[in-house]
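# Summary of the model geometry
This is what each chain is made of:
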Amino acid sequence: MIFVLKPNVTQVEIDHICEKIQSFGLTPHISRGVERTIIGAIGDETILRSQPLEVLPGVERVLPVLKPYKLASREFKPEATVLSVRDVKVGGQKLAIIAGPCAVENRKQLLETAQMVKQAGASLLRGGAFKPRTSPYAFQGLGEEGLRYLAEAREITGLPVVTELMDPRESDMVMTYADVIQIGARNMQNFRLLKEVGSHDKPVLLKRGMSSTVKELLMSAEYIMSEGNYKVILCERGIRTFEDSTRNTLDLTAVPVVKQLSHLPVIVDPSHGTGKWDLVAPMAMAAIAAGADGLMIEVHPNPEEALSDGAQSLLPEKFARLMSSLRFVAEAVGRTV
Ligand code: PEP
Ligand code: MN
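Keep in mind that this is a model prediction, so the values were computed, not measured.

### Some remarks on the nonpolar core
In this structure, Leu206, Leu234, Leu295, Ile297 and Phe319 are the most contacted members of the largest nonpolar core, which totals 74 residues. Setting aside residues no more than four positions away along its own chain, isoleucine 297 makes contact with Ile98, Ala99, Gly100, Arg126, Pro270, Ser271, Val280, Ala284, Leu314, Phe319 and Leu322. With 17 residues, the next largest nonpolar core counts Met1, Leu26, Ile39 and Val62 among its residues.

### A look at the coordination of the manganese ion (ligand 2)
Protein ligation of the manganese ion (ligand 2) involves Cys102 (SG), His272 (NE2), Glu298 (OE) and Asp309 (OD), the donor distances falling in the range 2.0 to 2.4 Å. On the primary sequence, the residues serving as donors to the manganese ion (ligand 2) are separated as C-x169-H-x25-E-x10-D. Of this pair, cysteine 102 sits in the loop between strand S7 (96-100) and helix H2 (107-120) while aspartate 309 is found in the loop between strand S14 (294-298) and helix H10 (316-332), placing the two residues 207 residues apart along the sequence. You can call cysteine 102 buried: its relative accessible area is 3%.

### A closer look at empty space enclosed by the protein
Per the counting criterion, the structure on display carries two cavities of 30 Å³ or more. Roughly 40 Å³ of volume is contained in the largest cavity. Taken together, Arg208, Val214, Leu217, Leu234, Cys235, Glu236, Ala254, Val258 and Val266 make up the lining of the largest cavity. For the lining of the largest cavity, the secondary structure elements donating two or more residues are helix H6 (214-226), strand S12 (232-236) and helix H7 (254-261). Of the residues belonging to the lining of the largest cavity, the class tally is seven nonpolar, no polar and two charged. Of the voids in this model, the second largest cavity is the one considered here, and its volume is about 30 Å³. Lining the second largest cavity are Arg126, Gly127, Gly128, Lys131, Val162, Thr163, Glu164 and Gln182. Looking at the lining of the second largest cavity element by element, the count peaks at three residues for strand S9 (residues 161-164). Looking at the lining of the second largest cavity, its residues break down into one nonpolar, four polar and three charged.

Parameters at a glance
Residues numbered from 1 in each chain as written. Chains lettered and ligands numbered in written order. Predicted model: local features only at pLDDT ≥ 70, side-chain atom pairs only at ≥ 80, totals over all residues. Heavy atoms only, no water. Core = buried A, V, L, I, M, F, W, Y, C linked by side-chain atoms within 4.5 Å. Buried < 20%, exposed > 50% of the residue type's maximum accessible area, 1.4 Å probe, protein only. Contact = heavy atoms within 4.5 Å. Donors = N, O, S within 2.8 Å, 3.2 Å for Na, K, Ca; no water. Helix = DSSP H or I, 4+ residues; strand = E, 2+ residues; numbered from the N terminus. 1 Å grid on protein atoms, 1.4 Å probe; cavity = no way out; pocket = protein on both sides within 12 Å on 5 of 7 lines; lining within 4 Å. Points joined across faces, edges and corners; volume = space filled by probe spheres on them. Nonpolar A, V, L, I, M, F, W, Y, C, P; charged D, E, K, R; others polar.

This is the structure we're talking about:
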């Protein structure tokens, strides 16, 4: 249930409405928009249906949220969410470009890549220290050593760091180093992990599961938000289909679809979406044209020798060229790089 408040509502009235919501066993979530404050009453709302809620002082209208995801929905918050990651905005007019290697392999590889993507205009650095690999024998990531290199790269370049958390037991460790916690496609419905990141205040980059619908993606965002963390960035990274000429099928329709349904920022990962470096640039440009708020792109100084995802990684100079081309597409849709 959504409580749309009057423009001149007072804090005392807001507190009273929240207490009322709690007295029915629901949790109030406040969203302060530019024009209006909205309170979402989250929980089993059947009890609210018989209550005369519109008589509460400060309340203008009470509306049911028809979607199963509430806090993530546009109904709850009509304006687009703009998140701050240190001094970088995600969801605003300027695109958020996240670039870096699939995995942190060693200090030199990471620092070199970080400096090159920074120079090319990236706004955030990515790199996995805990890697979800299909084979248990494949490189699993450097763990905390990798996180330390990421922190050093941030010191040098000023780029905030995005890295994956796979296990709630490593949450405290990853939180101390990362600026954005990535939840990988394979863990999109790991509900314990979602609740864990929901209980912190760090921005979360939630990747769409490879066999998940948009609705399921939004329900996973709801898990995080219902714990109190509203800082969620959604990421389309390709889904499994019958098509086998690419690693995944990049579902770009998900971008405008999610934008209609949700206020959360949406970015696209054309690296995992295609699995092929030469398809990354065209799909990156298409993603921006479709309205994405940013991109996640894998870049490696020597893709042939990469310990993971070399085939989809761009050489730094190719990434720099892509950044130049993106400027034109961004401009055409009223954005900047
Ligand atoms: C990654 O970003 O390196 C990764 C493993 O992505 P995904 O979870 O989308 O497969
Ligand atoms: Mn990867």
